[in-house]
Amino acid sequence: MSGNTFGKLFCVTSFGESHGPAIGCVVDGCPPGLELTEADIQPDLDRRKPGTSKYVTQRKEPDQVRILSGVYQGRTTGTPIALLIENTDQRSYDYDKIKDVFRPNHADYAYVQKYGFRDPRGGGRSSARETAVRVAAAAIAKKWLKEKFGVEIRGWCAQIGEHPMALKDWAQVEQNPFFCGDAEMIPTLENYIDQLRRDGDSVGARVNVIATNVPPGLGEPVFDRLDAELAFGLMSINAVKGVEIGDGFSVVNQRGTEGRDEMTPEGFLANHSGGVSGGISTGQDIFCSIAIKPTSSITTPGKTIDADGNATEMRTTGRHDPCVGIRATPIAEAMVALVLIDHALRQRGQCGDVVVVTPDISR
C-alpha cells in the first residue's frame, strides 16, 4: 500500500492497523541535537487518545509511546526516529458480524474495490486510530518549531452540529472534552451528545487551527504552495471533507477592496488570506479550518449491500464516537505542524543564505 509517507525533508512513514498489535511511525529528517524524550510526545497523545470522557469512544487505550531509535542521551541524532504505540484494548469480535457487509459511507466498499479484500477489524488501515502516530511525530515537529522560531500551533473546536462555539478563553480549550473555548457552551454540548447517543446517530464538526510566529518565506510559488500542502495534509485526516485557509469560502462574497490584506510600514491591516500569499507565508498567523463529517458508524440501521452485491440492512455495534470531530483538534494541529517543519527545512536548504532587505512588517 503506497501513500504512507508524508513530507519531503521531514518525512513521516506511518504503519499499523486499528486492531493489530501496534501502530507506529518512522520520522526521518529530524535535525540532530533536539532534546527529546517520550515525555515531550506523550501530552499530545493524551489529548487525542480514546476513552477520556463519556462523549467519545469508550475504547481504553493508554497510547503510551516508545522511542525505539534516533535518540541518544536525550538528543536526536539526525537518524530515523522510530515511534511505537501498542494497541491494548481491541475487541475484534465487534466486527465479526459486518465482515461481509459494507458500512455506508465508510471505507469498506472502496477498499474492496481497490485491493480485492479488506481488514474489517475497526476499519483496519482506514481507522482514525492511525492518527495517533501523526500526533506523536508532530510533537517532535512542534518542539523544533517552538525552539527555532517560537512557533505556537493551537486548535479548538469551533462548531459541533448546529452549535457554533466562540473562542472566548484559550485556557478553557484544554479543560473540557470538547476542546471548546466557551465554558458556557459545555452543558449544551453535553446534552447534545447524550441525545445523539440515545438517537443512535452522529454529527459533524468544525475545527480551527492557528499557528503564530511562523516566519515569512515558507512555501513554494507553484505546486508546493504552503496553503496547498496545508490543505493536502488536513484533508488526509479521516472524515475531513472540507478545508479552508484564511477566509476560505467566504471570499466568494468579498470584493477586492475587502480582502486584499493591505499593508503599512507598521504592519498588515488584515489577514484574510490566512498568513499565505502566493503560496508563501507572510509571517502573519496561519489560520486553517476543517469540516469533519458525521461518522457512519452508528446504531441506526441503514441500507447497504453484502460482499456478493445483495441488498441488506446493517447497524454498527461496538464503541464509536458520536462526533469524531471532538478528538480531531490535536490531529489538525499535528498536520499543520508537519507541513510547517517540512517547509522550514526546505527553506533552510534552498534559501538559507538569502539576504532580505525589505523589512518584516509581520513582527
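Residues numbered from 1 in each chain as written. Predicted model: local features only at pLDDT ≥ 70, side-chain atom pairs only at ≥ 80, totals over all residues. Heavy atoms only, no water.

**Q** Help me understand the overall build of the chain in this model?
**A** The number of helices and strands found in the chain is eight helices and 18 strands. Against the 2.2 N^0.38 benchmark of 21 Å for 363 residues, the chain shows a C-alpha radius of gyration of 21 Å, consistent with a compact globule. By its C-alpha atoms, the chain is 65 × 50 × 40 Å across when sized along the principal axes. Expressed as a percentage of its 363 residues, the buried residues of the chain come to 50%. Sequence-distant contacts in the chain: of pairs separated by 6 or more residues, those separated by 24 or more amount to 71%. When the accessible surface of the chain is summed, it comes to about 17,100 Å², and 53% of that surface belongs to carbon and sulfur atoms. (Helix = DSSP H or I, 4+ residues; strand = E, 2+ residues; numbered from the N terminus. Rg over C-alpha atoms; globule rule 2.2 N^0.38 Å. Buried < 20%, exposed > 50% of the residue type's maximum accessible area, 1.4 Å probe, protein only. Contact = heavy atoms within 4.5 Å. Areas by Shrake-Rupley, 256 points an atom, 1.4 Å probe, with all protein chains shown as cover.)

**Q** Any chance you could explain the sheet that holds strand β3 (residues 22–28) here in plain terms?
**A** Strand order in this open sheet of five strands is β1-β2-β3-β7-β4, and the pairing throughout is antiparallel. The open sheet has two edge strands with one neighbour each: β1 (5–6) and β4 (65–67). Examined bridge by bridge, β4 and strand β7 (residues 81–86) share three bridges and lie antiparallel to one another. Residue Val-65 lies in a different strand from β7, and its bridge partner there is Ile-85. The strands that helix α1 (residues 38–48) touches are β4 and β7; relative to β4, the one it contacts most, it runs at about 155°. (Pairing = 2+ DSSP bridges. Axes fitted to C-alpha atoms, helices over the stretch in contact; angles between N-to-C directions.)

**Q** It is not clear to me how the side chain of His-343 should be interpreted in this structure. Could you clarify?
**A** Secondary-structure assignment places His-343 in helix α8 (residues 329–351). Contact partners of His-343, with chain neighbours within four places excluded, come to Leu-218, Gly-219, Glu-220, Asp-224, Leu-226 and Glu-229.

**Q** What should I look at first to understand the pattern of salt bridges in this one?
**A** Two side chains carrying opposite charge are able to pair once their charged atoms lie near each other. Per the stated rule, a full pass over the model turns up 24 salt bridges. Salt-bridge contacts for Glu-174 lead to Arg-47; the nearest nitrogen and oxygen are separated by 2.9 Å. Here the residue Glu-174 occupies a position in the loop between α4 (170–173) and α5 (186–199), and Arg-47 occupies one in helix α1, the gap between them amounting to 127 residues. What makes Glu-174 partly exposed here is its relative accessible area of 46%. Overlapping salt bridges bring together Lys-8, Asp-224, Glu-229, Asp-342 and Arg-346 as one network. (Salt bridge = Lys/Arg side-chain N within 4 Å of Asp/Glu carboxyl O.)

**Q** Before we go on, may I ask you to explain the nonpolar core in this structure?
**A** For soluble globular proteins, nonpolar side chains are generally found buried alongside one another. By size, the foremost hydrophobic cluster in this structure holds 59 residues, and its most contacted members are Phe-10, Ile-41, Leu-83 and Ile-140. Top contributing element to this core by residue count: α8, with 12 residues. Once residues within four sequence positions are removed from consideration, Ile-140 is found in contact with Phe-10, Val-27, Cys-30, Leu-34, Leu-36, Ile-41, Ile-81 and Leu-83. Formed by 20 residues, the second largest nonpolar core is a distinct cluster that contains Ala-158, Tyr-192, Leu-196 and Ile-326. (Core = buried A, V, L, I, M, F, W, Y, C linked by side-chain atoms within 4.5 Å.)

**Q** For this particular structure, what's the right way to read unusual backbone geometry?
**A** Phi at Phe-179 takes a positive value of approximately 55°, unusual for a residue other than glycine. Looking at where Phe-179 falls in the secondary structure, it is placed in the loop between α4 and α5. The phi dihedral of Asp-261 is positive, around 50°, even though this residue is not glycine. The exposure class assigned to Asp-261 is buried, which follows from its relative accessible area of 10%.

**Q** Could you clarify how one ought to interpret the side chain of Asp-342 in this entry?
**A** Along the polypeptide, Asp-342 turns up in helix α8. Looking at Asp-342, the relative accessible area reads 2%, which means it is buried. Excluding anything up to four places from it in sequence, Asp-342 contacts Gly-7, Lys-8, Leu-9 and Phe-10.

**Q** How should I be thinking about the pairing of strand β8 (residues 152–160) in this particular structure?
**A** Consecutive residues of a regular strand have side chains that alternate between opposite faces of the sheet. By the bridge criterion, eight bridges tie β8 to strand β10 (residues 205–212) in an arrangement that is antiparallel. Bridge pairing in β10 links Gln-159 to Arg-206. Pairing between β8 and strand β9 (residues 163–164): two bridges, direction antiparallel. The residue of β9 that forms the bridge with Ile-160 is His-163. Linking two consecutive strands that pair antiparallel, namely β8 and β9, is a turn of two residues; a positive phi of about 60° is found at Gly-161 within it.

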